[in-house]
Amino acid sequence: MADRPVLYTADVGDALFTSVDLETEMFLGPGYYASMGFAVPAAAGAGLAEPGLRPVALVGDEAFLMTGMELVTCVRKALPVIVILFDNQRHGMLAAMDGPARSYELPAPDYVRFA
């Protein structure tokens, strides 16, 4: 599986901006913030659609809290999805645009245990 080509999916915010420098033949990204929570389900769908590729999802903690349960689909369908989680325990992009606020803070679940 190490030689399998990689397909990247990214969520909005820091995950999307980080993906700009990726060297890959296939990338799936969201259109805008209305599609927050895109990366994990997109990686599952991509894994089903393109079984020869290894999906890697780049996702922030805010977006993961919305749709991260799709990891269940990945396990049930034996999809080799890798999730890279950007865990800053806050709505980082909102805080960057609006300034710090307590309402932008997020809980700190044990993501490793969840997976």
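Being a predicted model, the structure only gives us computed values, none of them experimental.

## Thoughts on the overall build of the protein chain
Alright, step 1. Helix and strand content of the protein chain: six helices and four strands.
Alright, step 2. The linear arrangement of helices and strands in the protein chain, starting from the amino end, is β-α-β-α-β-α-α-β-α-α.
Alright, step 3. In terms of C-alpha radius of gyration, the protein chain reaches 14 Å, essentially the compact-globule figure of 13 Å for 115 residues.
Alright, step 4. Summarising its shape, the C-alpha atoms of the protein chain cover approximately 45 × 30 × 25 Å along the three principal directions.
Alright, step 5. Looking at the protein chain residue by residue over its 115 residues, the buried ones come to 37%.
Alright, step 6. Restricting the contact set of the protein chain to residue pairs at least 6 apart, pairs at least 24 apart contribute 66%.
Alright, step 7. As displayed, the protein chain has an accessible area near 7000 Å², and 56% of this comes from carbon and sulfur atoms.

## Observations regarding a nonpolar patch on the surface
Alright, step 1. Taken together, the side chains of Met 69, Val 72 and Phe 114 make up a nonpolar region of the molecular surface, amounting to roughly 290 Å² of accessible area.
Alright, step 2. Within the secondary structure, Met 69 is located in the loop between helix H3 (61-67) and helix H4 (71-76).

## Section: the environment of Val 81
Alright, step 1. Structurally, the position occupied by Val 81 is in the loop between H4 and strand E4 (82-86).
Alright, step 2. Between the alpha carbons of Val 81 and Gly 47 there is a distance of 7.4 Å; along the sequence they are 34 residues apart.
Alright, step 3. When neighbours within four sequence positions are excluded, Val 81 is seen to be in contact with Ala 43, Ala 44, Pro 55 and Cys 74.

## Remarks on the sheet that holds E4
Alright, step 1. With parallel pairing, the four strands of this open sheet are ordered in space as E2-E1-E3-E4. Single-partner strands in this sheet number two, and they are strand E2 (26-28) and E4. Each strand of the sheet is rotated relative to its neighbour by a mean of 20°, with strand direction disregarded.
Alright, step 2. Those strands touched by helix H2 (residues 39-49) are strand E1 (6-10), E2, strand E3 (54-60) and E4, and its axis lies near 175° from that of E3.

## A short note on the nonpolar core
Alright, step 1. By size, the foremost hydrophobic cluster in this structure holds 15 residues, and its most contacted members are Val 40, Val 59, Phe 64, Cys 74, Leu 79 and Val 81.
Alright, step 2. For this core, the secondary structure elements donating two or more residues are H2, E3, H3 and H4.
Alright, step 3. Considering every element that reaches this core, the biggest residue donor is H2, with four residues.
Alright, step 4. Among residues more than four places away in sequence, those in contact with Val 40 are Ala 57, Val 59, Phe 64, Thr 67, Gly 68, Glu 70, Leu 71 and Val 83.

## Observations concerning H2
Alright, step 1. The complete set of buried residues in H2 reads Ala 39, Val 40, Ala 42, Ala 43, Ala 44, Ala 46 and Gly 47.
Alright, step 2. Buried positions along H2 lie against E1, E2, E3, H3, H4 and E4.

## Brief notes about the pairing of E3
A regular strand places its side chains on the two faces of the sheet in alternate fashion.
Alright, step 1. Summarising burial for E3: six of the seven residues are buried, a large majority.
Alright, step 2. One ladder, built from five bridges, connects E3 with E4; its direction is parallel. When the sheet's bridge partners are listed, Ala 57 is paired in E4 with Val 83.

## Observations regarding the environment of Asp 11
Alright, step 1. With respect to the helices and strands, Asp 11 occurs in the loop between E1 and helix H1 (14-18).
Alright, step 2. Each C-alpha atom of the pair Asp 11 and Asp 98 lies 20 Å from the other, and the pair is 87 residues apart in sequence.
Alright, step 3. Among the polar contacts made by the side chain of Asp 11, one reaches the main-chain amide nitrogen of Ala 39 at a distance of 2.9 Å.

## Observations regarding the confidence of the model for the protein chain
Alright, step 1. Mean pLDDT over the protein chain stands at 86; residues scoring 70 or higher make up 96%.
Alright, step 2. Mean pLDDT values for the elements of the protein chain range from 75 in helix H5 (residues 92-98) up to 96 in H2.

Reading guide: rules and limits
- Numbering of residues starts from 1 in each chain and follows the order in which that chain's sequence is written.
- Restriction of local features to residues with pLDDT of at least 70 applies here, the model being predicted, together with a cutoff of 80 or more for giving and counting side-chain atom pairs; totals for whole chains, interfaces and linings are based on all residues.
- Think of the side-chain values as coming from all heavy atoms in the structure, minus any hydrogens and water.
- Helical segments are the DSSP runs of H or I of at least four residues, strand segments are the runs of E of at least two, and each set is numbered from the N terminus.
- Each radius of gyration reported is based on C-alpha atoms, and the globular scaling rule is 2.2 Å times the count of residues to the power 0.38.
- Three labels apply to residues, based on accessible area from a 1.4 Å probe with only protein chains included: buried if under 20% of the type maximum, exposed if over 50%, partly exposed otherwise in between.
- Residue contacts are defined here by distance: any two heavy atoms, one from each residue, within 4.5 Å place the two residues in contact.
- Here the accessible surface of atoms and residues is derived via Shrake-Rupley with a 1.4 Å probe, and residues count as covered only by protein chains that are part of the display.
- Like-charged residues within 9 Å of one another, or nonpolar side chains (Val, Leu, Ile, Met, Phe, Trp, Tyr) within 5 Å, are grouped into patches, provided each residue has over 30% relative accessible area and no salt bridge.
- Put simply, a salt bridge is a Lys or Arg side-chain nitrogen that is within 4 Å of an Asp or Glu carboxyl oxygen.
- We call two strands paired when DSSP finds no fewer than two bridges between them.
- To define axes, lines are fitted to C-alpha atoms, for helices over the stretch in contact only, and angles between the resulting N-to-C directions are given on a 0 to 180 degree scale.
- Residues belong to one nonpolar core when they are buried, are Ala, Val, Leu, Ile, Met, Phe, Trp, Tyr or Cys, and are joined through side-chain atoms within 4.5 Å.
- Side-chain atoms alone can form a polar contact between residues adjacent in sequence; in general such a contact is a pair of N or O atoms within 3.5 Å, and within protein one must be able to donate a hydrogen while the other accepts it.
- pLDDT is a residue-level measure of predictor confidence that goes from 0 to 100.

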